[in-house]
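Survey of secondary and tertiary structure
Here is what each chain is made of, one letter per residue.
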Amino acid sequence: MTRIVITAPFDPRIAAELPGEVVTASEAETGQSLGARAAADPVFAAALAEADVVIAELDRIDDDALAAAPRLSLVVACRANPANVDLAACAARGVEVRTTPGRNADVTADFTLALLLATVRHVPAASAWLRAGNWSGDDVFEPYARFRGIGLSGRQLGVVGGGAVGRRVVRRAQGFGMRIAVYDPFLTPGALGDDVQHLELDDLLATSDIVTLHVPLTPETTGLIAARELALLRPDAYLVNAGRAALVDRDALLAVLREGRIAGAGFDVFHDEPLSPDDELLRLPNVTLTPHIAGASDDVVVEHSRLAAAAVASVFPPPSSPSPSPHSAEVREATAPDAESRAQAATHRDASTPDPHEREHHVTATATADVVVLDIEGTTSAAGFILGDLYDYARPRLDEVLGRDDDTVRAARADAIAETGLDADASDAEIAEALRGLMAKDVKSTPLKTLQGIIWAEGFAAGEIHSQFFDDVPPRLHAWHEDGIRLAVYSSGSVASQVPWFRHAPQGDLTPLVEDFFDTVKAGPKKESASFDKIAAALGVAPDRALFLTDHPDEVSAALAAGWQVVALDRAGEPWAGADFAAPAVASFDEVEVTR
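Residues numbered from 1 in each chain as written. Predicted model: local features only at pLDDT ≥ 70, side-chain atom pairs only at ≥ 80, totals over all residues. Heavy atoms only, no water.

Quick look at the sheet that holds strand β19 (residues 565–569)
Basically, it comes down to this: A pair of strands counts as paired when DSSP detects no fewer than two bridges linking them. Helix and strand labels come from DSSP, where a helix needs a run of H or I of at least four residues and a strand needs a run of E of at least two; each type is numbered from the N terminus. Residue contacts are defined here by distance: any two heavy atoms, one from each residue, within 4.5 Å place the two residues in contact. Here, axes are lines fitted to C-alpha atoms. For helices the fit covers the stretch in contact, and angles between N-to-C directions go from 0 to 180 degrees.
With respect to topology, 6 strands assemble into an open sheet ordered β17-β16-β15-β18-β19-β20, the strand pairing being parallel. Since the sheet does not close on itself, it has two edges, and those belong to β17 (516–518) and β20 (585–586), each with one partner. Bridge count for strand β15 (residues 371–374) against strand β18 (residues 546–550) is 4 bridges, and the pairing is parallel. What sits directly across from V373, in β18, is F548. Packed on one face of the sheet, helix α20 (residues 473–482) meets β15, β16 (486–490) and β18 and runs near 135 degrees to β16. Strand contacts of helix α21 (residues 495–503): β15, β16 and β17, with the helix running at about 135 degrees to β17, the strand carrying the most contacts.

As structure tokens, then:
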């Protein structure tokens, strides 16, 4: 049985679903080595000695910790950057290290907008002024003039960094009617949508009303915004940083703010934390300050628990036999004498300490493959869009297409009659109505898919409909393609509909990335392993060198039976979200790494 020791804050429901025996123990002290903790705590030492997996957030995994855990084969750091883990020591002992990328990306994006609004509308200053008793009847309109701010609609937001947080900020700002410009040398134009400008950094700084920073801190990005760059900002511009303080040169920043060369700034991160009482930032009236709380949310614990569980499942996959019940994993707590005090101390930790801005290459599922084959519905694209917008477009057009004098249509018409049990002389209207009945039940009907493919291809060509992809998909497809990974598509929708779907993506034409397209006519039913044999043969690849990405549990099983590698997409809100998968499950393509 796999033994898992968890010291990170962890969602108990997710812990209960982990495969094996789970021991939970609150973090004793920020930055303490688990080895030192084991030396002082016999109960914890016994648990660590039997551990196959350790899941930690702040506790250090170093030589002492590894010596106390001789069975250890996996460490999951509940943070984007495993700064608490001695990677060299783990590598020397053959211990794999995983992270939880983007665990606080959503809440950090939320907070960025909150900080931005508080800054440009002077919310903290107005609140402090009011609380100080300054609002009097002598001039009831004084605050209206004193705290005059700007609106967001129509303003340009310059987003520096289009990674996990940056792209979420983009989506939120679009909801306010803002124009978006992004600087990110790793993104291709159109990767975030046709309505997002991709600019060089200088152009972005010079043209934006508000600039917000969302790049990871690396040697290349340290001091990215220095005196020259700050001078490009307009006098009425604002700077917001909830990322990393060292992205901006401190001295140059203070000079700009002190001299009023920009309208203002909002900061959640600082070069020295905590701020000293005499820090100049505290005296500047044009700055909004918060104490590094962008990631401080209970939702972060739930998300990193989910990502950590996926990492464990990818290394210790559950058996392909029926999955255990949600309560089959044993969860117990290490009850050392000071466990209560440790638990109390843990509740006061700052959940935002880890870097929330690591880019997409931090993963929770890995594969070595020559070919990646993609499902569409629920995997690359939202099922609701397909079952809604596209189905609505096709329904009224079935009658007209069925009446065409075309070999493909005639064959589909005959197959539809046979499949629905209609009389051989059924009218086009009767066949169309029967097919609409199949659409209502989302039946994967081959003749229906053929006819829908014709309708959709024409709709795409006419510009009447457009496809939709999850934001994480196109950048990963480009990256895999550039790395020499071959890409193919296998969907129940016809090839005739797949091709225009990829050609008319909001992020640009994706068909040059895709080597081949397969449907149920070309390959066979998706729930049969023989179909995957046929695809592997057509692509000239060994089954164990092919990776299938899908959201359907039965398709997972069929591909596995054919000897393929499989990663399941478990996306919130999709039809199969939360299903029991017999393969590693991830929430986005950002969490999948493929190498040759």
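Quick notes on the nonpolar core
Put simply, the rule is: Only buried Ala, Val, Leu, Ile, Met, Phe, Trp, Tyr and Cys residues count toward a nonpolar core, and they belong to the same one when joined by side-chain atoms within 4.5 Å. Accessibility here uses a 1.4 Å probe with only protein chains present; expressed as a share of the type maximum, an area under 20% marks a residue as buried, one over 50% as exposed, and anything in between as partly exposed.
In this structure, L477, W480 and F502 are the most contacted members of the largest nonpolar core, which totals 56 residues. Here this core takes 6 residues from helix α19 (residues 446–461), the largest share from any one element. Ignoring any residue separated from it by four or fewer positions in sequence, one finds F502 in contact with L374, I376, F469, L477, V489, G508, D509, L510, T511, V514 and F517. L205, L233, L281 and L284 belong to the second largest nonpolar core, which has 30 residues in total.

What about the sheet that holds strand β6 (residues 156–160)?
Strand pairing in a sheet relies on backbone hydrogen bonds, with the paired strands running either antiparallel or parallel. Taken in spatial order, the 7 strands of this open sheet run β8-β7-β6-β9-β10-β11-β12, and their pairing is parallel. Strand pairing shows two members of the sheet lacking a second neighbour, β8 (196–198) and β12 (287–289), which therefore form its edges. Geometrically, the sheet is characterised by an average inter-axis angle of 20 degrees between neighbouring strands, direction not taken into account. Taken together, the 4 bridges between β6 and strand β9 (residues 210–213) define a ladder with parallel strand orientation. Each bridged residue has a counterpart across the sheet, and for G158 the counterpart in β9 is V211. Packing of helix α9 (residues 164–175) onto the sheet brings it into contact with β6, β7 (179–183), β8 and β9, and relative to β6 it is tilted by some 170 degrees.

What about the side chain of Q498?
So the rule is basically this: By the criterion applied in these results, polar contacts are pairs of N or O atoms within 3.5 Å in which, for protein atoms, one can donate a hydrogen and the other can accept it, and in which residues neighboring in sequence qualify only through two side-chain atoms.
When you line up the elements, Q498 lands in helix α21. Using a relative accessible area of 1% as the deciding quantity, one classes Q498 as buried. In terms of polar contacts, Q498 uses its side chain to reach the backbone carbonyl oxygen of G493, at 2.6 Å. If sequence neighbours within four positions are ignored, Q498 has contacts with I376, V489, S491, G493, F517, F518 and D519.

Here's the deal with the packing of helix α6 (residues 105–120) against α9
Under the convention used in this document: Geometric relationships in this document are graded by angle, where less than 35 degrees denotes roughly parallel, more than 145 denotes roughly antiparallel, 65 to 115 denotes roughly perpendicular, and other angles denote oblique. Crossings are assigned a handedness: left-handed for a near helix turned anticlockwise from the far helix by less than a right angle, right-handed for a clockwise turn. Asp, Glu, Lys and Arg are counted as charged, while Ala, Val, Leu, Ile, Met, Phe, Trp, Tyr, Cys and Pro are counted as nonpolar; the rest, among them Gly, fall into the polar class.
Running from N to C, α6 and α9 cross one another at 50 degrees; their axes reach a closest spacing of 8 Å. With respect to α9, the axis of α6 lies oblique. For the crossing formed where α6 meets α9, the hand is right-handed. On α9, the residues that touch A105, D106, T108, A109, D110, T112 and L113 of α6 are A164, V165, R168, V169 and R172. Class assignment of the residues belonging to the contact of α6 with α9 gives a composition of 6 nonpolar, 2 polar and 4 charged.

Section: helix α17 (residues 407–420)
Selection rule: Helix span, as expected, comes to 1.5 Å for every residue beyond the first. Along the arc lie the directions from the helix axis toward the C-beta atoms.
Spanning 14 residues, α17 covers 20 Å between terminal C-alpha atoms, matching the ideal 20 Å at 1.5 Å per step. Where α17 is concerned, the buried positions are V409, A412, A416 and I417. Projected down its long axis, α17 shows its buried positions confined to an angular sector of 140 degrees, all on one face. Turned more than 90 degrees away from the buried face of α17 sit D407 and A418, all of them exposed.

Description of the confidence of the model for the protein chain
For the record, the criterion: pLDDT is defined as a per-residue confidence score from the predictor, taking values between 0 and 100.
Taken residue by residue, the protein chain gives an average pLDDT of 86. The fraction at 70 or more is 91%. Counting contacts from residues 320–330, a segment whose pLDDT is below 50, to residues more than four positions away or on other chains yields 14 contacts.

Overview of a nonpolar patch on the surface
What counts is decided by this rule: What goes into a patch is any residue over 30% in relative accessible area without a salt bridge, connected to like charges within 9 Å or, for nonpolar side chains (Val, Leu, Ile, Met, Phe, Trp, Tyr), within 5 Å. The method behind every accessible area is Shrake-Rupley, applied with a 1.4 Å probe, and residues are considered shielded solely by the protein chains displayed. For this document, the term salt bridge refers to a Lys or Arg side-chain nitrogen within 4 Å of an Asp or Glu carboxyl oxygen.
On the surface, L130, W135, V140, F141 and Y144 cluster together to form a nonpolar patch covering roughly 610 Å² of accessible area. Note on placement: L130 falls in helix α7 (residues 123–131). Exposure remark for L130: the relative accessible area of 46% places this residue in the partly exposed category.

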